[in-house]
Amino acid sequence: AFLRYRHHQWSFTPESTQKSRECLEDAIRLDPDFALPYVGLADGFLASALVGAAPAQEAMPHARQLARRALELDPDLPEGHGMLGVVAALHDLDWPEATRRFERAMAQEPVHWHLRLWYLGFYLLPLGRSDEAVRQGRLGIGDNPLSQICWLELGQAYASGGDDEEALAAFRKSRELDPGFWFADACASVLH
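Residues numbered from 1 in each chain as written. Predicted model: local features only at pLDDT ≥ 70, side-chain atom pairs only at ≥ 80, totals over all residues. Heavy atoms only, no water.

Asker: Could you give an account of the overall build of the protein chain, with specific residues and numbers?
Answerer: Helix and strand counts for the protein chain come out as 11 helices and zero strands. Along its sequence from the N terminus, the protein chain presents helices and strands in the succession α-α-α-α-α-α-α-α-α-α-α. Taking 192 residues into account, the globule formula puts the C-alpha radius of gyration at 16 Å, and the protein chain, at 16 Å, falls close to it. The principal-axis extents of the C-alpha atoms in the protein chain amount to approximately 45 × 35 × 35 Å. Taking all 192 residues of the protein chain together, 47% fall into the buried category. (Helix = DSSP H or I, 4+ residues; strand = E, 2+ residues; numbered from the N terminus. Rg over C-alpha atoms; globule rule 2.2 N^0.38 Å. Buried < 20%, exposed > 50% of the residue type's maximum accessible area, 1.4 Å probe, protein only.)

Asker: Any details on the nonpolar core? Residues and values, ideally.
Answerer: Counting residues in each nonpolar core, the largest one holds 63 residues, and the members touching the most others are Leu-46, Leu-77, Met-83, Val-86, Trp-118, Ile-149 and Leu-152. Per-element tally for this core: the top contributor is helix α7 (residues 113–124), with nine residues. Once you skip the residues sitting within four places of it in the chain, Val-86 turns out to touch Leu-46, His-91, Phe-102, Trp-118 and Phe-122. (Core = buried A, V, L, I, M, F, W, Y, C linked by side-chain atoms within 4.5 Å. Contact = heavy atoms within 4.5 Å.)

Asker: Account for a nonpolar patch on the surface, naming residues and giving values.
Answerer: A surface patch of nonpolar side chains, about 280 Å² in accessible area, is lined by Leu-50, Val-51 and Leu-90. Residue position: Leu-90 is located in helix α5 (residues 78–92). (Patch = residues over 30% accessible without salt bridge, like charges linked within 9 Å, V, L, I, M, F, W, Y side chains within 5 Å. Areas by Shrake-Rupley, 256 points an atom, 1.4 Å probe, with all protein chains shown as cover. Salt bridge = Lys/Arg side-chain N within 4 Å of Asp/Glu carboxyl O.)

Asker: Mind laying out the pattern of salt bridges, listing which residues take part and the relevant values?
Answerer: Applying the stated criterion across every chain yields a total of 11 salt bridges. The residue Arg-64 makes a salt bridge to Asp-92 at a minimum N-O spacing of 2.8 Å. Here Arg-64 is found in helix α4 (residues 56–73), whereas its partner Asp-92 is found in helix α5, with 28 residues between them in sequence. Under the relative-accessibility criterion, Arg-64 is labelled buried at 19%. Note on Asp-92: relative accessible area 34%, which makes it partly exposed. For Glu-176, the salt bridge is made with Lys-173, and the minimal N-O distance between the two is 3.3 Å. Taken as a pair, Glu-176 and Lys-173 lie in helix α10 (residues 164–177) at a separation of three residues, close to a single helical turn.

Asker: Let's hear about unusual backbone geometry: which residues, and what values?
Answerer: Between Glu-109 and Pro-110 the backbone carries a cis peptide bond, its omega angle lying at -5°. Mapping Pro-110 onto the fold places it in the loop between α6 (95–106) and α7. Positive phi, close to 55°, is recorded for Leu-93, a residue that is not glycine. Inspection of the secondary structure assignment puts Leu-93 in the loop between α5 and α6.

Asker: Describe the packing of aromatic side chains, and please don't skip the residues or the numbers.
Answerer: Counted under the stated rule, the structure contains eight aromatic pairs. When the ring of Phe-2 is compared with that of Phe-34, the centres are 5.4 Å apart and the planes differ by 70°; the resulting orientation is edge-to-face. Of this pair, Phe-2 sits in helix α1 (residues 2–9) while Phe-34 sits in the loop between α2 (14–30) and α3 (36–50); the two residues are 32 residues apart in sequence, bridging distant segments of the chain. A residue is classified by how much of its surface remains accessible, and Phe-2, at 10% relative accessible area, is buried. Considering the side-chain rings of Phe-102 and Tyr-119, the 5.5 Å spacing of their centres and the 45° angle between planes classify their relative orientation as tilted. Of this pair, Phe-102 sits in helix α6 while Tyr-119 sits in helix α7, and the two are 17 residues apart along the sequence. (Phe/Tyr/Trp six-rings, centres within 6.5 Å; stacked < 30°, edge-to-face > 60°.)

Asker: A description of α1 should follow, citing residues and the corresponding values.
Answerer: Those residues of α1 that fall on the buried side of the exposure criterion are Phe-2, Tyr-5 and Gln-9. On an axial view of α1, the arc spanned by its buried residues comes to 50°, and they lie on one face. Away from the buried face of α1 by more than 90 degrees, exposed residues Leu-3 and His-7 are located. Where the residues of α1 are buried, they touch α2, α3 and α7. (Arc of directions from axis to C-beta.)

In short, shape yes, function no, at least from these values alone.
Here's what the structure looks like:
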């Protein structure tokens, strides 16, 4: 059920979003002590806040609660600490807490590419650390070269550092991997 969630997660359609949630709920029903599906549900709340489908004031506390539940089950879970880092940075603007959470999340190797994207997009870029964001983006691509979201985030890292040519190339690659991924076009249009 969790692997089916990962399959549906990155299509970014209303149907795939619903299917992702159902898969996560199935995973929790099958094994309530499996921590990762709780972080997956938290990520769904984060995504709904980012695209305006739910008010952040409602969605982000749910994301925090789910990440905390995951950490109750697995106190060392990098993804749980990473999600709390996202909430601290994006919602609370609590940069010391975000730093603490992301340092803990990123300390365990191997680092999952999805966690690298949270670190890149919600921590490094807001702090203006574009060189490190590019490095994390490249590592994410190395782990998942066929992911449109990895290429998109790498493009955003390049754009943040002022390298528009590399940013546009990454946005094109993102769109090539998923022709329906409109967000890559939206990011590219800002550079023109």
